[in-house]
Protein chains: 2
Amino acid sequence: MNYSVSEENYIKSIYHLQQQTETVTTNSLANELHTKPASVTDMLKKLQTKKLVEYEKYRGFKLNSTGNKIALNIVRRHRLWEFFLVNKLGFEWDKVHDIAEELEHVSSADLIKRLDSFLNFPQTDPHGDPIPDTNGKIAIIKQQCLTEIAAKKNVVVSSVSNQSPEMLEMLKHYHIAISTTLKVNKHFAFDGSVEIKVSQHASCIISQQVAANIFVHHD
Amino acid sequence: MNYSVSEENYIKSIYHLQQQTETVTTNSLANELHTKPASVTDMLKKLQTKKLVEYEKYRGFKLNSTGNKIALNIVRRHRLWEFFLVNKLGFEWDKVHDIAEELEHVSSADLIKRLDSFLNFPQTDPHGDPIPDTNGKIAIIKQQCLTEIAAKKNVVVSSVSNQSPEMLEMLKHYHIAISTTLKVNKHFAFDGSVEIKVSQHASCIISQQVAANIFVHHD
DNA sequence: ACTTTTTTTTAGATTTGTCTAAATTTTAAT
DNA sequence: ATTAAAATTTAGACAAATCTAAAAAAAAGT
């Protein structure tokens, strides 16, 4: 079956919100999509009749397994295109989201299959987020954010959850990118900032706000 | 300014029809877009208020210079994506039109600039049609179709105006592709068929119907 | 437990792009 | 020059997706 751009955007946003809370509220979805709660209610009735969500009036909603599969397919398309934009066309990673947002709705399965192969079957997108496979299987990367890492531990940056130009600017300044290895020296109790050391560079201190957006794994 | 997918499709179709006749009729455009004449009239009023077409009731219409520039930009996007699909993703040329039809509406100028550079600034798409440049300049390739070529002349295939799988099948069978060199041996008066010789293959006869879709230039 | 606030839904309107059927204009035919 | 046929436009309706304003339900506060 084929879904409209609008339907796909709703499905994808519900998916993303469900990463944080099991069931999603009308307001939060309206906020995510920059639309009005009334519009959300309208669309949710539609998604319910199409049997993609579980929805009870006033009770919130969540994707059922069909909806989830569709969401993962959209996420797959989005992340493959992001990979393409960064690794083939040379975009900076803070510029690709909006373009991938449009490309993800191009509805050819063959296209995505070939794109995947052309890109050599990447496992993660440029922000370090895993790319679901054709069957909607997605790697769960056990990761912690930098604020949770004990002092003296070596870690590898696996993803960054804020993709703004401002964030990118900071990360570049600190010489941090996906798969960069760094060592946590010390946590400061006063403001939660963290001193780290990145390879051959001098140690530096990053604010809690920045640290909270950097996800890492051990080894 | 930004145009809807629908508006872009109308603009592009008017452009294509104008290649054959200076002014375009409501019916022919409806036919091209698989829509109804009434819908065409509606959209044309809109394009007129947006000052993209010259339009007089019952008199047909044509793109003005603004409309023409926009059309050429859409054609540029379409053909660059077709080139990408064939030369990078390995699609056969008869499969790319519908996908490029969707990709062409993705509205990032930077994307197209980078795609162009990634593809190494191709001059023609996989069917041999010229790709307009950023300013809407398009090479006019002086070409004749095979039925018009005098016997004993050597020519190079520059484009093929029918992109169906059936046509591709025939061309493959005859070992004809874009930039193939061939020699016209003889025209048969009875049915307009043409005997040709392609490089080291044995001469063969192609029907007038096929010959009329193969465009060539000398040398 | 009752009231206030917040959240969600309904009702009705709007925009974009489309359609059918009827009316109008142009073109072709006798 | 009339009439018949074809092409085009208008009028009015419809579907998708959105909105505002009002009503209803749930949650929070006293």
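Residues numbered from 1 in each chain as written. Chains lettered and ligands numbered in written order. Predicted model: local features only at pLDDT ≥ 70, side-chain atom pairs only at ≥ 80, totals over all residues. Heavy atoms only, no water.

Caption draft 1: How the structure looks around the protein's contact with DNA strand C. Residues in close proximity to DNA strand C total 21 residues, the closest being A:Y55, B:S4, B:T35, B:S39 and B:K46. Here A:Y58 contributes a backbone N or O atom positioned 2.9 Å from a phosphate oxygen of DNA strand C. One nitrogen or oxygen atom from the side chain of B:D42 is found 3.1 Å from a base nitrogen belonging to DNA strand C. For the surface near DNA strand C, the per-class residue count stands at seven nonpolar, eight polar and six charged. (Near = heavy atom within 4 Å. Polar contact = N/O pair within 3.5 Å; in protein donor to acceptor, adjacent residues only side chain to side chain. Nonpolar A, V, L, I, M, F, W, Y, C, P; charged D, E, K, R; others polar.)

Caption draft 2: Quick look at the sheet that holds strand β5 (residues 181–187) of chain B. Residue and element names in this part refer to chain B. Spatial strand order, β3-β8-β4-β5-β6-β7: six strands in an open sheet with antiparallel pairing. Two strands close off the open sheet at either side, each with one partner strand: β3 (144–145) and β7 (204–206). In the sheet, strand β6 (residues 194–198) pairs with β7 via three bridges, with the strands oriented antiparallel. Counted as the bridge partner of I196 is C204 from β7. (Pairing = 2+ DSSP bridges. Helix = DSSP H or I, 4+ residues; strand = E, 2+ residues; numbered from the N terminus.)

Caption draft 3: Representation of the domain arrangement of chain A in the model. Here chain A is described as being made up of domain 1 (5–63) and domain 2 (144–218). Between the C-alpha centres of domain 1 of chain A and domain 2 of chain A the distance comes to 34 Å. (Domains from an automatic or database assignment.)

Caption draft 4: Local environment of the state of the cysteines. Residues and elements named next belong to chain A. In this structure the tally under the stated criterion is zero disulfides over all chains. The closest cysteine sulfur to the non-disulfide-bonded C204 is located on C145, 17 Å from its own sulfur. Take C204: its relative accessible area is 18%, and that puts it in the buried class. (Disulfide = S-S within 2.5 Å. Buried < 20%, exposed > 50% of the residue type's maximum accessible area, 1.4 Å probe, protein only.)

Caption draft 5: Up close: the layout of surface pockets. Residues and elements named next belong to chain B. Quantified by volume, the largest pocket comes out at close to 1,300 Å³. Surrounding the largest pocket, 33 residues form its lining, H16, Q19, R79, D129 and Q163 being those nearest its centre. Of all the secondary structure elements, the ones that give two or more residues to the lining of the largest pocket are α1 (5–18), α4 (65–87), α5 (97–103) and β4 (154–160). Of the residues that constitute the lining of the largest pocket, the class distribution is twelve nonpolar, 14 polar and seven charged. Per-domain counts for the lining of the largest pocket show at least three residues from each of domain 1 (5–63) and domain 2 (144–218). Here the second largest pocket defines a volume of roughly 1,100 Å³. (1 Å grid on protein atoms, 1.4 Å probe; cavity = no way out; pocket = protein on both sides within 12 Å on 5 of 7 lines; lining within 4 Å. Points joined across faces, edges and corners; volume = space filled by probe spheres on them.)

Caption draft 6: Fine view of the relation of the copies chain A and chain B. Between chain A and chain B, the superposition needs a rotation of 180 degrees and an axial shift of 0.0 Å, giving an RMSD of 0.1 Å. Look at the turn and shift together and you get a two-fold axis relating the two. Relative to the rotation axis, the closest C-alpha in chain A is found at A:L103, a distance of 3.6 Å. Interface residue correspondence from chain A to chain B reaches 100%, placing this contact among same-surface, isologous pairings. (Least-squares fit on C-alpha atoms with pLDDT ≥ 70 in both. Contact = heavy atoms within 4.5 Å.)

Caption draft 7: Here's a closer look at the nonpolar core. Among the nonpolar cores identified, the biggest contains 35 residues, and A:W81, A:F84, A:L85, B:W81, B:F84 and B:L85 are the most heavily contacted of them. Where this core is concerned, the elements lending two or more residues are α4 (65–87), α5 (97–103) and α6 (109–118) of chain A together with α4, α5 and α6 (109–118) of chain B. If near-sequence neighbours (up to four positions away) are discounted, A:W81 is found in contact with A:A100, A:L103, A:E104, A:L111, A:I112, A:L115, B:W81 and B:L103. (Core = buried A, V, L, I, M, F, W, Y, C linked by side-chain atoms within 4.5 Å.)

Caption draft 8: Quick peek at the packing of aromatic side chains. Across all of its chains, the model carries nine aromatic pairs over all chains by this definition. Seen from their ring centres, A:W81 and B:W81 are 6.2 Å apart, and the 80 degrees between their planes marks the pair as edge-to-face. Taken together, the residues A:W81 in helix α4 and B:W81 in helix α4 connect one chain to another. With respect to burial, A:W81 and B:W81 carry one shared label: buried. Between A:F84 and B:F84, the ring centres sit 5.2 Å apart and the planes meet at 55 degrees, which makes this aromatic pair tilted. (Phe/Tyr/Trp six-rings, centres within 6.5 Å; stacked < 30°, edge-to-face > 60°.)

Caption draft 9: Main features of α4(B). The terminal C-alpha atoms of α4(B), which comprises 23 residues, lie 32 Å apart, in line with the 33 Å expected from a rise of 1.5 Å per residue. Sitting at the head of α4(B), B:N64 places a side-chain oxygen 3.0 Å from the backbone nitrogen of B:T66. (Expected span 1.5 Å × (residues − 1).)

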